[in-house]
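Results of the structural survey
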Amino acid sequence: MKALLLSGKKVTAKEGNSITKSNDFRKVISDLRKQGWNIVDLRLPDNRKLYWLASNDRQGELFPAEAGGNEE
């Protein structure tokens, strides 16, 4: 389940259940949120919800300006 979300894929509960061979994707989403995972959802026009792991804004910290800049 965690690998599915870490892959960046956006899935509905039905798709999540099918992919993970589970029957309680929404419960797992709830538990992961309690553990601090930033899982967001969006209600689709057909009333399904789409779930995904929000991007982590820490990506920019890989190359901070002061580490590689010209400081002369």
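Higher on the page you've got the structure.
Along each chain, the written sequence defines residue order, and numbers are assigned to residues from 1. With the structure being a predicted model, the display of local features is reserved for residues of pLDDT at least 70 and the display and counting of side-chain atom pairs for 80 or more, all residues being used for whole-chain, interface and lining totals. Hydrogens and water are ignored here; the side-chain numbers use all heavy atoms of the structure.

1. Description of the pattern of salt bridges
Stated formally: Between Lys or Arg on one side and Asp or Glu on the other, a salt bridge is scored when a side-chain nitrogen of the former is within 4 Å of a carboxyl oxygen of the latter. The cut-offs for exposure are 20% and 50% of the maximum accessible area for each residue type, with area from a 1.4 Å probe on protein chains only; residues under the lower value are buried, those over the upper are exposed, and the others partly exposed.
If you walk through the whole model with that rule in mind, you get 4 salt bridges. Note that Lys49 is salt-bridged to Asp41, the shortest N-O span being 3.7 Å. Residue classification places Lys49 among the partly exposed positions, given a relative accessible area of 28%. Take Asp41: its relative accessible area is 30%, and that puts it in the partly exposed class. The salt bridge partner of Arg48 is Asp46, with a shortest N-O separation of 2.7 Å. A single salt-bridge network, built from bridges that share partners, covers Arg33, Asp41 and Lys49.

2. Looking at unusual backbone geometry
Phi is positive for Lys21, which is not a glycine, with a value near 55°. Here Asn47, not a glycine, exhibits a phi torsion of approximately 80°, which is positive.

3. Describing the pairing of strand S2 (residues 39–43)
Defined as follows: Between any two strands, pairing holds if DSSP finds at least two bridges. In DSSP terms, a helix is any run of H or I states spanning at least four residues, a strand is any run of E spanning at least two, and both are numbered starting from the N terminus.
Bridging between S2 and strand S3 (residues 49–53) involves 5 bridges; their strand directions are antiparallel. When the sheet's bridge partners are listed, Arg43 is paired in S3 with Lys49. Once S2 ends, the chain turns through 5 residues before running back antiparallel as S3, passing Asn47 with a positive phi of about 80°.

4. Notes on the packing of aromatic side chains
How we decide: Stacked, edge-to-face and tilted labels apply to pairs of Phe, Tyr and Trp rings (six-membered ring for Trp) whose centres lie within 6.5 Å, assigned for plane angles under 30 degrees, over 60, and everything in between, in that order. We call a charge positioned over a ring when the NZ of a Lys or the CZ of an Arg lies within 6 Å of the ring centre and within 35 degrees of the ring normal.
Going through the model one piece at a time under the given rule, you end up with 1 aromatic pair. Over the aromatic face of Trp52 sits the side chain of Lys10, whose NZ or CZ is 4.4 Å from the ring centroid.

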